[in-house]
Amino acid sequence: MRLNLREVIENPGNSVDFSYQPDFSGLNFECVKSIEPSVSAKGRVYNSAGVMKLEGTLHVDMICICSRCLKEFTRSTDLPLNAILADEAIDEENPDIFLLDGDYIDLDEVVTTAFVLDVEQIYLCSEDCKGLCPKCGKNLNDGPCSCTADADPRLAVLGQLLENN
Ligand SMILES: [Zn+2]
Ligand SMILES: [Zn+2]
């Protein structure tokens, strides 16, 4: 969505609110199975002594796939939106700076960037996910598999003793 900022750009102290539903249906990530259509972004753009700032929240509900155990899990998140809107690229290294298009800002660019950066950090169903057994593929979060018993060093020693006899 393009937001008209004419009233704000020309008047320090002014602000304009926004609230809309970004369309993320075209985004595809390996770790995201689906994004619920209930995505919503809201916030405001204000003129702080001549500097255009955007602040707000992006709400996303989605079904993710854990990159360690492949389990699907739902994630509901409220991401903070913080951006500086500038006429020109004053600092290309700063990811929080977005370019104005005349009197307009492309809100999709701001919210999509915030979302993509977040998705890159949510590959696991939980921080201590045990993952899958590399041998039998069992989800070790559900309990140990029989391969784990094989790998028990005491049993390995016993196995060797039996072999030697
Ligand atoms: Zn997992
Ligand atoms: Zn196993």
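Everything that follows concerns the structure shown earlier in this document.
Residues numbered from 1 in each chain as written. Chains lettered and ligands numbered in written order. Predicted model: local features only at pLDDT ≥ 70, side-chain atom pairs only at ≥ 80, totals over all residues. Heavy atoms only, no water.

Trainee: Would you take a moment to explain the nonpolar core for this structure?
Mentor: Side chains of nonpolar character tend, in soluble globular proteins, to be buried together. Phe18, Leu54, Leu58, Leu85 and Phe115 are the most contacted members of the largest nonpolar core, which totals 36 residues. Elements represented by at least two residues in this core include exactly strand E2 (15-20), strand E3 (32-35), strand E4 (40-48), strand E5 (51-65), strand E6 (72-86) and helix H2 (107-119). The residues contacting Leu58, other than those within four sequence positions of it, are Pro22, Phe24, Val39, Ser40, Ala41, Thr77, Asp78, Leu79, Leu81, Val111 and Phe115. (Core = buried A, V, L, I, M, F, W, Y, C linked by side-chain atoms within 4.5 Å. Buried < 20%, exposed > 50% of the residue type's maximum accessible area, 1.4 Å probe, protein only. Helix = DSSP H or I, 4+ residues; strand = E, 2+ residues; numbered from the N terminus. Contact = heavy atoms within 4.5 Å.)

Trainee: What exactly am I supposed to notice about the coordination of the zinc ion (ligand 1) here?
Mentor: Six octahedral donors around a metal ideally make angles of 90 or 180 degrees; four tetrahedral donors ideally make 109.5 degrees. Distances from the zinc ion (ligand 1) to its protein donors, Cys66 (SG), Cys69 (SG), Cys125 (SG) and Cys129 (SG), fall within 2.3 to 2.4 Å. Geometry at the zinc ion (ligand 1) is tetrahedral, judged from its four donor atoms and the angles of 106 to 112 degrees they form at the metal. In terms of primary sequence, the donors binding the zinc ion (ligand 1) are separated according to C-x2-C-x55-C-x3-C. On the basis of relative accessible area, Cys129 is assigned to the buried category, the value being 4%. (Donors = N, O, S within 2.8 Å, 3.2 Å for Na, K, Ca; no water. Tetrahedral: all angles 85-135°; square planar, octahedral: opposite > 155°, others 65-115°.)

Trainee: I'm lost on the coordination of the zinc ion (ligand 2) in this one. Help?
Mentor: For the zinc ion (ligand 2), the full set of protein donor atoms is Cys133 (SG), Cys136 (SG), Cys145 (SG) and Cys147 (SG), at a range of 2.3 Å. For the zinc ion (ligand 2), the four donor atoms are set out with angles of 106 to 115 degrees between them, so the coordination reads as tetrahedral. Between consecutive donor residues of the zinc ion (ligand 2), the sequence gaps follow C-x2-C-x8-C-x1-C. With Cys133 in the loop between H2 and helix H3 (146-150) and Cys147 in helix H3, this pair connects stretches of sequence that are 14 residues apart. Both residues of the pair, Cys133 and Cys147, count as buried.

Trainee: Sorry, what's going on with the layout of surface pockets here?
Mentor: Over the atoms rolls a probe the size of a water molecule, and its path tells where empty space is left. The calculated volume of the largest pocket comes to roughly 240 Å³. Taken together, 14 residues form the lining of the largest pocket, with Pro80, Asp96, Thr113, Ala114 and Leu117 sitting closest to its centre. Elements that contribute at least two residues to the lining of the largest pocket include exactly E6 and H2. In terms of residue class, the lining of the largest pocket is made up of nine nonpolar, three polar and two charged. By volume, the second largest pocket is sized at about 160 Å³. Those elements that place two or more of their residues in the lining of the second largest pocket are E5 and E6. Split into classes, the residues belonging to the lining of the second largest pocket amount to eight nonpolar, one polar and two charged. (1 Å grid on protein atoms, 1.4 Å probe; cavity = no way out; pocket = protein on both sides within 12 Å on 5 of 7 lines; lining within 4 Å. Points joined across faces, edges and corners; volume = space filled by probe spheres on them. Nonpolar A, V, L, I, M, F, W, Y, C, P; charged D, E, K, R; others polar.)

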